[in-house]
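# Structural overview for review
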Amino acid sequence: PPSCGLPNKYVDFFRETMKNEGRIIINNTSPAADESRSERLRQNSLTMREWDIPYDELTIEEKIGAGRFSTVYKGRWHGLVAIKTFNLNNSLDDWKALEAFKQEVVTFCKTRHENLILFMGACMKPPHLAIVTSLCQGLTLYTHIHLRKDKFNLNRLIMIAQQICQGMGYLHARGIVHRDLKSKNIYYENGKVVITDFGLCSVTKLCHGNRIRGCLKVPKGWLCYLAPELIRSLHADSDPPQDLNDLPFSPATDLYAFGTVWFELLVGSWPFIGQPPEVIIWQVGKGLKQPLTNLRAPREIKNILMICWAYQPEDRHDFSKLQLLLSKLPKKRLQRSPSHPTYLLRSVES
Ligand code: ADP
Ligand code: MG
């Protein structure tokens, strides 16, 4: 469970959910505890075997993308699938991370929700580490918003946001923190939102892709999703280089990232766009927010942004509360109101 000065409610939340997932390892040396622990490990390794896909059962077809640590291929395994392979960097001695990766796979396989990508299994034998999921045929919100400049009306925006909240609320209830919620990891096809790439923390640990000696490599477009407490725990010149997975990610940092996605949906660009990373880091770390003066939107809509972007993690609500706020947004009334011909900067349906 994460620590790093998190508010108690999140620490408790984690203890509970981790316990429920059977993933907590209790430091109790009594024989009974030992026995139940080894029983649990045995159960976990049984479950793991169920989800292990032998690498040679996969047919890998064309490459469809490359991310920070992985290459994604279209492929076949009992039908069309996406195969995400991980490029290991001679870090195989890091068996702890590999074990954690396996544990995460077990957790992923228990995620069943309409708005989450269907996780089918994983190749867990190095050097062929891969994750097999359903193939998303639609476009990501990133492509819709930033590349195609698609414009959605307010009703549509609210529907999209609500579906993200549903998927995220489910993940949190299962004790999974996404850690990389961003418009690139949200697909939208035929009116349905599908969230991908949740909780791949141990995988990135195995790949060490973010390490460059003496400096922190910040992936492009990543900073504006990071909550102030994450920004404040970034150390640019630590030696050995900082492991991004040791940052205090929590349900509340996912909430913050959702705020940024909500901003992207409303405005069509990122917050702090065009500003150098060090300026963004300084502002967010100090609690300054992207000004909303140019956003012509009702107060309730901006209010959701302010709740997600709250400086203190404990002021950020949770996804079920957000969903309630979204469902109360005055969509119909505003659409007809002549005094609000355009209530958003981008308000025309594409
Ligand atoms: P990132 O999310 O940082 O762009 P990823 O490694 O998650 O990096 O993915 C790289 C690219 O592969 C994505 O941008 C997307 O185009 C594609 N991709 C990933 N997962 C899927 C999937 N399940 N279905 C279809 N395309 C995918
Ligand atoms: Mg992704």
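Summarised in this report is the structure supplied together with it. (Residues numbered from 1 in each chain as written. Chains lettered and ligands numbered in written order. Predicted model: local features only at pLDDT ≥ 70, side-chain atom pairs only at ≥ 80, totals over all residues. Heavy atoms only, no water.)

## As for the state of the cysteines
Note on terminology: disulfide describes a covalent bond linking the sulfur atoms of two cysteines. Stated precisely, the cut-off is as follows: In this description, a disulfide is simply a cysteine sulfur pair whose atoms lie within 2.5 Å.
A full pass over the atoms with the stated rule returns zero disulfides. In this structure Cys308 is not part of a disulfide, and its nearest cysteine sulfur, from Cys165, lies 7.3 Å away.

## Considerations on the packing of aromatic side chains
Rules: Only the six-membered ring of Trp is used, alongside the rings of Phe and Tyr, when aromatic pairs are assigned; centres must lie within 6.5 Å, and planes under 30 degrees apart are stacked while those over 60 apart are edge-to-face, with the rest tilted. The secondary structure listing takes helices from DSSP runs of H or I that are at least 4 residues long and strands from runs of E that are at least 2 residues long, numbered from the N terminus. The cut-offs for exposure are 20% and 50% of the maximum accessible area for each residue type, with area from a 1.4 Å probe on protein chains only; residues under the lower value are buried, those over the upper are exposed, and the others partly exposed. The criterion is that NZ of a Lys, or CZ of an Arg, lies within 6 Å of the ring centre and within 35 degrees of the ring normal, and then a charge sits over that ring.
Using the criterion set out here, one finds eight aromatic pairs in the structure. With 4.5 Å between their ring centres and 50 degrees between their planes, Phe108 and Phe119 make a pair best called tilted. Of this pair, Phe108 sits in helix H3 (residues 95–108) while Phe119 sits in strand S4 (residues 119–125); the two residues are eleven residues apart in sequence, bridging distant segments of the chain. For Phe108, a relative accessible area of 1% puts it in the buried group. Arranged with centres 5.9 Å apart and planes meeting at 35 degrees, the rings of Tyr142 and Trp270 form a pair that is tilted. With Tyr142 in helix H4 (residues 141–147) and Trp270 in the loop between helix H8 (251–267) and helix H9 (277–286), the pair connects residues that are 128 residues apart, well separated along the chain. Pair check on accessibility: Tyr142 and Trp270 agree, each one buried. Here the aromatic residues Phe108, Phe119 and Phe198 are joined through ring pairs into a cluster of three or more. We note Lys184 situated over the ring of Tyr142; from NZ or CZ to the ring centre the distance is 4.8 Å.

## Section: the pairing of strand S8 (residues 192–195)
Here is the rule we go by: Strands qualify as paired when DSSP identifies two bridges or more between them.
As paired elements, strand S7 (residues 186–189) and S8 share four bridges and run antiparallel to each other. Paired with Ile186 across the strands is Ile195, a residue of S8. Between the end of S7 and the start of S8, which pair antiparallel, lie two residues, with Asn190 showing a positive phi angle near 45 degrees.

## As for unusual backbone geometry
Here the residue pair Pro126 and Pro127 is connected by a cis peptide bond, since its omega of 5 degrees sits within 30 degrees of zero. Turning to its location among the elements, Pro127 is positioned in the loop between S4 and strand S5 (128–134). Even without being a glycine, Asn190 presents a positive backbone phi close to 45 degrees. Structurally, the position occupied by Asn190 is in the loop between S7 and S8. Look at His317: it is not a glycine, yet its phi comes out positive at around 60 degrees.

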